[in-house]
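Spelled out, the chains give:
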Amino acid sequence: MTQPLLELRDVPPRAAHALEQAGVHPLLARLFAARGVRTAEELDDGLNRLLPPATLRGSAEGARLLADALEAGKRICIVADYDCDGATACAVALRGLRMLGAAPDTLHYVVPDRAVHGYGLSPTIVDLALPLRPDVLVTVDNGIASLAGVAHARALGLSVLVTDHHLPAVENGSVLLPEADVIVNPSQPGCAFESKSLAGVGVMFYVLLALRAELRARGRFDAASQPRLDALLDLVALGTVADVVKLDANNRRLVAQGLKRIRAGRMQPGIAALFAAAGRDPLRASAFDFGFALGPRVNAAGRLADMTLGIECLLTDDAARARELAQQLDAINRQRREVEAGMREQAENLLVQLAPEGEEVDAPAAVALYDPEFHEGVVGIVAGRLKERLHRPTFVFARGQDGLLKGSGRSIPGFHLRDALDLLSKRAPGVLLKFGGHAMAAGCTLAEADFPRFAQALVDVAQEQLDAAALQRRLPVDGPLPPQYFDADTVQALESQVWGQAFDAPLFCDEVQVVAQRLVGERHLKLRLRLHGTLRDAIWFNHATTLPDTVRLAYRLALETWQGQTRLQMVVQASA
């Protein structure tokens, strides 16, 4: 891994003081101020602080479409996606529509197989839904770029409601939108919704809020008797964190509310079963659990098997059935880890060919890798791991069942991956058969013969847009942790907060003396450190290189339980 440059976060003193004066814990006040929080009101995670659905373009029209469908007893089919965001969005849609009065036998869903159908509402997926005799198709976490699929559905007489959060297609500088009956997407032109970072599951939750308001206006129920849609927030929280969207204030509220429900024992049976399968305690649930325990298990179904498993786990109200499905997801995730380990080893061999001297500085400005043995379902994970190690925009490709290469990319700050693909498509016409995505993650399809052209064109674009400073891996840190905060109460206070993408978990930095160090498990460095005159235990996972006697370490605090004893531990992330 490239040695990061540890950069101290700026802490605006006025903001920190204002937060502390408002009653925020002094340490948290400093951490929040460094992450852009200016007032205590921004930390209010009450449901009444959520942005109103009215500003989300298309939500009112989508609500009317669904309300009409419910009143007419029309059949609604949810078109899901094969990742955790898509699975949770599908579960939220079906559970929410049932809560709002849809007859269960009118609700159905289809989900593409990653290897067979590809992404989104394609004409093939429309045809797959036809045996269910739908009147209305509702996409979740997809559809904004499904021009052909939407047109096919409309030609067959189906109504189409697109709910999505991805960027729309652009051609010759003009935005192309599918001709759906209604589109709800904060990223569509003309949408005034303040949070552009809603996950797909968040968009669907907002559509349900709008639908409830529409049904209330029609006299279906009043404010006192209306269904409590906050019962779905455990699913919303999981999908939001797992999709690694920016945790702005609105998303943090959605996640915080979901975590509160889980910690109080109020969660879907599938969520409870996933916690059990992962060996995590829901009473101490954190966003970390969503991102690194539950999310990967749901995602594994879409990567190596069938996302129907994940969706059914989140839909069932039978606790025994949920446990059975969660165990299956856990087994698939173990298989996914094995596949990923083999791919990462092969990817490292390919990297040696890119930089024969083995020097990180010689790595090109962007990396594209392909091997005939790579598994299509795991390319995104491997791209992410390599991006972290190399600090380079990285694409990893696998051969799909149709013989075409399916690639997944991950980027670094300063390099908008989807825009880069758009530029590449203009410079190398015909190379990209399909592409889409976000600034930090994107996907594309190309012919195997065109892989060398793609790889070189990607490097060319990256060299133009990324200077030496951008190619230097940086790790923001929060400075030293005062000695009085080295205790279990601090760990619990930190873990109770919502941290994640663009609202990073605290990472402290101190100069320490290394008193003892040894390898455990052959690849983890166990440390005994002297800090502020006190001996501290520490561990650096997946790091086998010994440290000098005195070193500056970036670390987080954690509680380790071993043989019934709980003790404080520093978990090292980097050194400088």
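Note that this is a predicted model, so its numbers are computed, not measured.

Calculation rules
- Residues numbered from 1 in each chain as written.
- Predicted model: local features only at pLDDT ≥ 70, side-chain atom pairs only at ≥ 80, totals over all residues.
- Heavy atoms only, no water.
- Helix = DSSP H or I, 4+ residues; strand = E, 2+ residues; numbered from the N terminus.
- Rg over C-alpha atoms; globule rule 2.2 N^0.38 Å.
- Buried < 20%, exposed > 50% of the residue type's maximum accessible area, 1.4 Å probe, protein only.
- Contact = heavy atoms within 4.5 Å.
- Areas by Shrake-Rupley, 256 points an atom, 1.4 Å probe, with all protein chains shown as cover.
- Lys, Arg positive; Asp, Glu negative; His and termini not counted.
- Charge placed at Lys NZ, Arg CZ, Asp CG, Glu CD.
- Salt bridge = Lys/Arg side-chain N within 4 Å of Asp/Glu carboxyl O.
- Polar contact = N/O pair within 3.5 Å; in protein donor to acceptor, adjacent residues only side chain to side chain.
- pLDDT = per-residue confidence, 0-100.
- Phe/Tyr/Trp six-rings, centres within 6.5 Å; stacked < 30°, edge-to-face > 60°.
- Lys NZ or Arg CZ within 6 Å of the ring centre and 35° of its normal.
- Arc of directions from axis to C-beta.
- Pairing = 2+ DSSP bridges.
- Axes fitted to C-alpha atoms, helices over the stretch in contact; angles between N-to-C directions.
- Parallel < 35°, antiparallel > 145°, perpendicular 65-115°, else oblique.
- Left-handed = near helix turned anticlockwise from the far one by under 90°.
- Nonpolar A, V, L, I, M, F, W, Y, C, P; charged D, E, K, R; others polar.
- Core = buried A, V, L, I, M, F, W, Y, C linked by side-chain atoms within 4.5 Å.
- Expected span 1.5 Å × (residues − 1).

What follows deals with the overall build of the protein. Per the secondary structure count, the protein includes 17 helices and 19 strands. The C-alpha atoms of the protein give 24 Å as radius of gyration, which agrees with the globular expectation for 576 residues (25 Å, within 12%). Expressed as a percentage of its 576 residues, the buried residues of the protein come to 54%. In the protein, 66% of the contacts between residues at least 6 apart in sequence involve partners at least 24 apart. In the structure as shown, the protein presents an accessible area of about 24,400 Å², 50% of it carried by carbon and sulfur atoms. Here the protein holds 61 positive side-chain charges and 68 negative ones, and the gap between their average locations is 4 Å.

Here the focus is the pattern of salt bridges. If you walk through the whole model with that rule in mind, you get 30 salt bridges. Arg9 serves as the salt-bridge partner of Asp504, at 3.1 Å between the closest nitrogen and oxygen. Taken together, the positions of Asp504 in the loop between α17 (488-495) and β15 (508-520) and Arg9 in the loop between β1 (5-8) and α1 (13-21) put the pair 495 residues apart, joining distant regions of the chain. Look at Asp504 and you get partly exposed, because its relative accessible area is 34%.

The next subject is the side chain of Arg336. Of note, Arg336 is situated in helix α13 (residues 319-354). Engagement of the side chain of Arg336 in a polar contact is seen with the side chain of Glu340, the distance being 2.5 Å. Among residues more than four places away in sequence, those in contact with Arg336 are Pro296, Ala300, Arg303, Leu304, Val378, Ile381 and Arg385.

The next point concerns the confidence of the model for the protein. Looking at the protein, the pLDDT average stands at 95 and 98% of residues meet or exceed 70. Low pLDDT, under 50, characterises residues 356-361; the predicted model gives this stretch seven contacts beyond four residues in sequence or across chains.

Per the counting criterion, the structure on display carries 13 aromatic pairs. Taking 6.2 Å as the distance between ring centres and 45° as the angle between the ring planes, the aromatic pair formed by Phe508 and Tyr555 counts as tilted. In this pair, Phe508 is assigned in strand β15 and Tyr555 in strand β18 (residues 550-562), connecting sequence segments 47 residues apart. Here Phe508 and Tyr555 have matching classes, each one buried. Through a chain of ring-to-ring contacts, three or more aromatic side chains come together here, namely Tyr370, Phe395, Phe397, Phe451 and Phe454. A cation over a ring is seen here: Arg252 above Phe503, with NZ or CZ 3.9 Å from the ring centre.

The periodicity of an α-helix, 3.6 residues per turn, causes residues three or four positions apart to be oriented the same way. By the burial criterion, the buried members of α17 are Thr490, Val491 and Leu494. The buried residues of α17 occupy one face: seen down the axis, they fall within an arc of 100°. Where α17 is buried, its residues touch α2 (26-34), β15, β18 and β19 (565-575).

Turning to the sheet that holds strand β9 (residues 367-370), a few remarks are in order. Hydrogen bonds between backbone groups are what pair the strands of a sheet, and the pairing can be parallel or antiparallel. The strand order β9-β10-β11-β13-β12 describes an open sheet built from five strands, whose pairing is mixed. Each edge of the sheet is formed by a strand with only one pairing partner; in this case those strands are β9 and β12 (434-437). Adjacent strand axes in the sheet meet at a mean angle of 15° when their direction is disregarded. Across four bridges, β9 lies against strand β10 (residues 394-399) in parallel orientation. Residue Leu369 lies in a different strand from β10, and its bridge partner there is Val396. Along the sheet face, helix α16 (residues 451-465) touches β9, β10, β11 (405-410) and β13 (441-446) and points at about 160° away from the line of β9.

Our focus in this paragraph is the packing of helix α15 (residues 417-427) against α16. Interhelical geometry of α15 versus α16 gives an angle of 120° and a closest axis separation of 10 Å. The angle between α15 and α16 places the two elements in the oblique class. At the point where α15 passes α16, the crossing takes the right-handed sense. Counting all contacts with α15, which are made through Ala420, Leu421, Leu423, Leu424 and Arg427, the residues of α16 involved are Phe454, Ala457, Leu458, Val461, Glu464 and Gln465. The class makeup of the residues in the contact of α15 with α16 is eight nonpolar, one polar and two charged.

A few words on the nonpolar core. Core analysis: the largest hydrophobic core is formed by 122 residues, its most contacted members being Ile76, Ile78 and Leu97. Sorting elements by how many residues they give to this core places helix α7 (residues 200-217) first, with 11 residues. In this structure Ile76 touches Leu66, Ala69, Leu70, Leu97, Thr106, Leu107, His108, Val136 and Val138, once residues within four positions along its chain are discounted. Ala368, Phe451, Ala462 and Leu466 belong to the second largest nonpolar core, which has 27 residues in total.

Bringing the side chain of Ser197 into the picture now. With respect to the element layout, Ser197 can be found in the loop between β8 (182-184) and α7. Accessibility expressed as a relative area gives 17% for Ser197, which makes it buried. Beyond its immediate chain neighbours, meaning those up to four positions away, Ser197 contacts Val245, Lys246, Asp248 and Asn251.

Here we come to the sheet that holds strand β5 (residues 159-163). Pairing in this open sheet of five strands is parallel, and the strands run β3-β2-β4-β5-β8 from one edge to the other. The open sheet has two free edges, formed respectively by β3 (107-110) and β8, since each of these has just one partner strand. Ignoring which end each strand starts from, the neighbouring axes of this sheet average 20° apart. Here strand β2 (residues 76-79) runs beside β3; their pairing, made up of four bridges, is parallel. Across the sheet, the residue bridging to Val79 is Val110, located in β3. Strands β4 (136-140), β5 and β8 of the sheet are contacted by α7, whose axis makes an angle of about 120° with β5.

Let us now look at the environment of Gly157. Its place among the elements puts Gly157 in the loop between α6 (147-155) and β5. Distance in space between the C-alpha atoms of Gly157 and Val136 is 9.2 Å, their sequence separation being 21 residues.

This part is about α16. Compared with an ideal rise of 1.5 Å per residue, which puts 15 residues at 21 Å, α16 spans 21 Å between its outermost C-alpha atoms and is within 8% of the ideal. When we look at burial in α16, the residues that qualify are Phe451, Phe454, Ala455, Ala457, Leu458, Val459, Val461 and Ala462. The inward-facing, buried residues of α16 abut β9, β10, β11, α15 and β13.

What follows deals with unusual backbone geometry. Positive phi outside glycine occurs at Arg133, with the angle close to 55°. Locating Arg133 in the fold gives a position in the loop between α5 (123-129) and β4. Residue class for Arg133 comes out exposed when judged on its relative accessible area of 55%. The backbone phi angle of His532 is positive, close to 55°, even though this residue is not glycine. Counting through the fold element by element, His532 comes out in the loop between β16 (524-531) and β17 (534-540).

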